[in-house]
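Next come the chains, spelled out residue by residue.
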Amino acid sequence: MSRNFDNVWETTSRVFSNTFMLPMMLVVMMAVPTGTMAGESLGVSHELDVELGYAGRGVTYQDGRNVGSIDELATDVKYVISPQITNDLLLRVGADWQRFAFDTSQTGALPDRLQHVSAVVGFDYQLADQWVMRTEIQPGVYGSLAQIGWRNVDAPLFMGAVYLRDADLQWFFGLRVDLRSQYPVFPALGVRWKYADDWTLDFQLPKPRLEYDVNDDLQAYLGASVKAGTFVVGEHFGDMHGNPALNHATVDYTDVRLGPGIAWKVLPTLTLEAEGGYVIYRTWDFFDKHVKLDSHPAPYFQLACHARF
Amino acid sequence: MKRLSTVVIMWLCGAVTTTVPSHASDPLENLKKFSDFQKVDVKRLLEGEILSQRGPLMNFPNGISTQMCFFVPLSPEEVFKRHQSWDPTRCSSLKVYASGGLSTPCQPKDFKKLHLNPEDHPMKWLLEKTLTTASGKMELNLTRSEAHELAACVRKDSSPDAIGSCWARLLFERATAFQLKGLGGVLPYETEGDFLHPAVQLRSMLQEQGKIIQEFAPLLQKTGMLGHDTEVSSLQPLYGWSFFDANHHATVNLGVVYKLAVGDHYQLLDIDYYASSTYYAAATLYEVWPIHDGKRTGSIVWRGDFLAAPTLRYTKGIERIAFGVIMIQEIKKEIRCFLDDIRTRP
């Protein structure tokens, strides 16, 4: 028998690091009698992802005007529990908190923090022999948590499908839908290709990487990382920044990081990552108010912990 | 079919088999009784489709299973004959370095094709892990005593050829113990104070397959798979070994195949009772029926694969589904290699 499928664990845990679900399907799934749920411990899986990163000061411009140097502290904590409903269907329920804290400028229209707290609701499903999909929706509050209202409520949808050709090659198709964003629908295509015994091209958004297996437990990589979100700022944000039009405005925040890192599998269920490099692109885009800020490159360092149990 | 079986099974045609009272059987009705294939479209099988089904979650945390069904345009007897001439090393996608049958009693020379090439990355991995074992770490599937023996052997000469010979010696001793005592002779793997018994792993997986156990009861009973370790099979076993790339790691294994004629068809049990790394143990059950459909005659083959691997304990959720999907793809690759060989070498 071929035993060449052992690296699937790593593959798929990376593949589905950022995905979601259709509300209607959820209703259908919730209606499934609990008696059909797998009763063993293997029938329920848990995912915990924690990331903490600091980006140094980068000179920032608002529509061409220097508004000072801004640094950033980014935090992301996500927990998902995934009970198996049938042999082909897994439910996903959890929570996610993501926060960007900025050393704000008095002269620029920069929020001091952008964050979201959301539920995670979704499912994984085996569509066909070699196709597996994930759909996930994250309904929650996006923006200033100090003033929570309906304007802050959003529910971005993430859908992904994987074609598992074999143990060394998988193709990914993804879609992000966020009706509040400047780009409400964002498609993505990716591939994971272990093209040599030690080397893997893991080209998937939001974290495309070129990986080198130092040994069975340690991996070095050169990668990029895209952090993005759509948020609504506070009702007096514009007043405080000299532009009342920005009160309750929607802002698309995007930063792109590039740098090397290492991933250490401390335990079979726990991986720690450390990476550093440069934030090569960072923008706050109040797109419907035609106000945009962007930063010069700045160094960053990030630690992450990924547990699967 | 299974990598080990591809080589070992070839002796099956001439092997002494135990026969139960003859009766004609309907493969489709039989499949419905014990397999996950409740509706089988024979037309699709005859066109060359390989039906597959990922098994449900097991209570046994290290286990995973799949089922396959396919058509071979040869009679059951001819299927076995073809295996006699099929060399899996010819199919490069299977990444088999070497394989062969074992004499009874086993001889050290049976493993003469085992060579470790440090230029080959997966083999280099095995060389490095062997040297690590010599330094006291238990990262391969060995007993403490075997690890010490391997370490002593490697200390004398750590060249790749010498390390290959050390492994040949270890395999010879394990194969000899199995030939004398059956599953009772299989030594456990010792990892961080734990004892992992391949026989226990195999039985744990099979015991969860109620309908399959019922279908294969005579075969499983005669091979000691359902009983105690001390039972030695009353069937004529065919022993073998193979050396292959499993997940970019060179792995050596030892296996045995048992065959039972049941009326007009055959049942087989193929066990990997030892693997140096990557997985603990594996069992594959086959049932092969003759089929006649118009002008076409051949065999319907059902196979169920049961694999116990260390990583499976930690592989849950979508990762486990993906594991099963890829396991099926890898087994299909093997089946297609065999079918291609039949087509290209009539």
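These numbers come from a predicted model, not from an experiment.

Enquirer: I tried to follow the overall build of chain A on my own but got confused; where do I start?
Expert: Scanning chain A from terminus to terminus reveals three helices and 17 strands. Burial analysis of chain A (309 residues in total) assigns 41% to the buried set. When contacts within chain A are restricted to residue pairs at least 6 apart in sequence, those whose partners lie at least 24 apart make up 55%.

Enquirer: When you look at the overall build of chain B in this model, what are you seeing that I'm missing?
Expert: The helix and strand tally for chain B stands at 11 helices and 11 strands. Among the 346 residues that make up chain B, the fraction classed as buried is 51%. Partitioning the intrachain contacts of chain B with sequence separation of at least 6 by distance along the chain shows that 68% fall at a separation of at least 24.

Enquirer: Whenever I open this one, unusual backbone geometry confuses me. Can you help?
Expert: Excluding glycine, residues mostly carry a negative phi; peptide bonds, for their part, are mostly trans. With omega at 5°, the peptide bond leading from L205 of chain A into P206 of chain A counts as cis. In this fold, P206 of chain A is placed in the loop between β11 (199-203) and β12 (209-213). If you check the backbone angles, K95 of chain B has positive phi at about 55° while not being a glycine. For H248 of chain B, which is not glycine, the phi torsion reads 65° and is therefore positive.

Enquirer: In this structure, what is going on with the packing of helix α6 (residues 144-156) of chain B against helix α7 (residues 160-181) of chain B? I would like to understand it.
Expert: Angle between the axes and distance between the axes: these two values describe a pair of packed helices. Residue and element names in this part refer to chain B. Across the interface, α6 lies against α7 with an axial gap of 9 Å and an inter-helix angle of 150°. Viewed along their axes, α6 and α7 adopt a mutual orientation that is roughly antiparallel. The way α6 lies across α7 gives a crossing that is right-handed. Each of E146, L150, C153 and V154 in α6 lies in contact with α7, whose residues at this interface are I163, C166, R169 and L170. Its residues assigned to classes, the contact of α6 with α7 shows six nonpolar, no polar and two charged.

Enquirer: What is the right way to read the confidence of the model for chain B from this model?
Expert: The predicted structure's coordinates, where accompanied by low pLDDT, should not be read in detail. Residue and element names in this part refer to chain B. Of all residues in chain B, 89% have pLDDT values of 70 or greater, and the mean over the chain is 84. The element-level mean pLDDT for chain B is lowest in strand β1 (residues 18-20), coming to 34, with strand β3 (residues 63-72) highest at 93. A low-confidence stretch, residues 1-23 stays under pLDDT 50, and its non-local contacts, those more than four residues away or across chains, total 79 contacts. Here the prediction assigns the complex a pTM of 0.82, and the interface score ipTM is 0.80.

Enquirer: How do you make sense of the packing of helix α5 (residues 121-134) of chain B against α6 of chain B when you look at a structure like this?
Expert: Residue and element names in this part refer to chain B. Here α5 crosses α6 at 105°, and the two axes come no closer than 8 Å. Judged on the interaxial angle alone, α6 and α5 are roughly perpendicular. In this structure, α5 uses T130, L131, T133 and A134 to contact α6, whose residues at the interface are A147, L150, A151, V154 and R155.

Enquirer: Sorry if this is basic, but what is going on with the environment of G210 of chain B here?
Expert: One can find G210 of chain B in helix α9 (residues 210-215). Of the residues examined, G210 of chain B has 9 C-beta atoms within 10 Å and is grouped as exposed.

Enquirer: What should I look at first to understand the confidence of the model for chain A in this one?
Expert: Averaged over chain A, the pLDDT score is 84; the fraction of residues at 70 or greater is 85%. In the model, residues 1-40 of chain A has pLDDT below 50 throughout and makes 110 contacts with residues more than four positions away in sequence or in other chains.

Enquirer: Sorry, what's going on with the pairing of strand β4 (residues 113-128) of chain A here?
Expert: Consecutive side chains along a regular strand alternate between the two faces of the sheet. All names here are of chain A. Here strand β3 (residues 89-102) pairs with β4 via 13 bridges, running antiparallel. By the bridge assignment for β4, L89 is matched with Y125. The pairing of β4 with strand β5 (residues 131-137) spans seven bridges and is antiparallel. If you follow Y125 over to β5, its bridge partner there is M133. Connecting β4 to the next strand, β5, in antiparallel fashion are two residues.

Enquirer: What am I meant to see in helix α8 (residues 198-207) of chain B here?
Expert: α8 of chain B sits mainly inside the fold: seven of its 10 residues count as buried. Of the residues making up α8 of chain B, those classed as buried are P198, A199, Q201, L202, R203, M205 and L206 of chain B.

Enquirer: Looking at this structure, I do not really get α5 of chain B. What am I missing?
Expert: Since there are 3.6 residues in each turn of an α-helix, residues three or four apart along the chain are aligned in direction. Residues and elements named next belong to chain B. Helix length check: α5 (14 residues) gives 20 Å between terminal C-alpha atoms against 20 Å at 1.5 Å per residue, within 8%. For α5, the secondary structure elements touched by its buried residues are α6, α7 and β8 (249-262). Of the residues flanking the end of α5, it is G136, one or two places downstream, whose phi is positive at about 110°.

Enquirer: Hey, could you run me through the nonpolar core in this one?
Expert: If you look at soluble globular proteins, the nonpolar side chains tend to sit buried side by side. C69, L171, L269 and Y273 of chain B are the most contacted members of the largest nonpolar core, which totals 114 residues. No other element matches the 11 residues that helix α11 (residues 317-344) of chain B contributes to this core. Discounting chain neighbours no more than four positions away, the residues touching L171 of chain B are F111, W241, V252 and L254 of chain B. Counting 20 residues, the second largest nonpolar core, distinct from the first, contains I70, F102, L110 and W284 of chain A.

Enquirer: Would you mind going over the environment of E149 of chain B with me for this structure?
Expert: All names here are of chain B. Here E149 is to be found in helix α6. Owing to 16 C-beta atoms within 10 Å, E149 belongs among the partly exposed residues under this scheme. Spatially, the C-alpha atoms of E149 and I326 are 36 Å apart, while their sequence positions differ by 177 residues.

Enquirer: How should I be thinking about the environment of P297 of chain A in this particular structure?
Expert: Residues and elements named next belong to chain A. Among the secondary structure elements, P297 is positioned in the loop between β16 (291-295) and β17 (298-308). Looking at P297, the number of C-beta atoms within 10 Å reads 18, which means it is partly exposed. With 15 residues separating them in the primary sequence, P297 and R282 have C-alpha atoms 7.8 Å apart. The contact partners of P297, leaving out residues within four places of it in the chain, are G58, Y278, V279 and I280.

Reading guide: rules and limits
- Residues numbered from 1 in each chain as written.
- Chains lettered and ligands numbered in written order.
- Predicted model: local features only at pLDDT ≥ 70, side-chain atom pairs only at ≥ 80, totals over all residues.
- Helix = DSSP H or I, 4+ residues; strand = E, 2+ residues; numbered from the N terminus.
- Buried ≥ 20, exposed ≤ 12 C-beta atoms within 10 Å, placed from the backbone.
- Contact = placed C-beta atoms within 7 Å.
- Axes fitted to C-alpha atoms, helices over the stretch in contact; angles between N-to-C directions.
- Parallel < 35°, antiparallel > 145°, perpendicular 65-115°, else oblique.
- Left-handed = near helix turned anticlockwise from the far one by under 90°.
- Nonpolar A, V, L, I, M, F, W, Y, C, P; charged D, E, K, R; others polar.
- pLDDT = per-residue confidence, 0-100.
- Pairing = 2+ DSSP bridges.
- Expected span 1.5 Å × (residues − 1).
- Core = buried A, V, L, I, M, F, W, Y, C linked by C-beta atoms within 7 Å.

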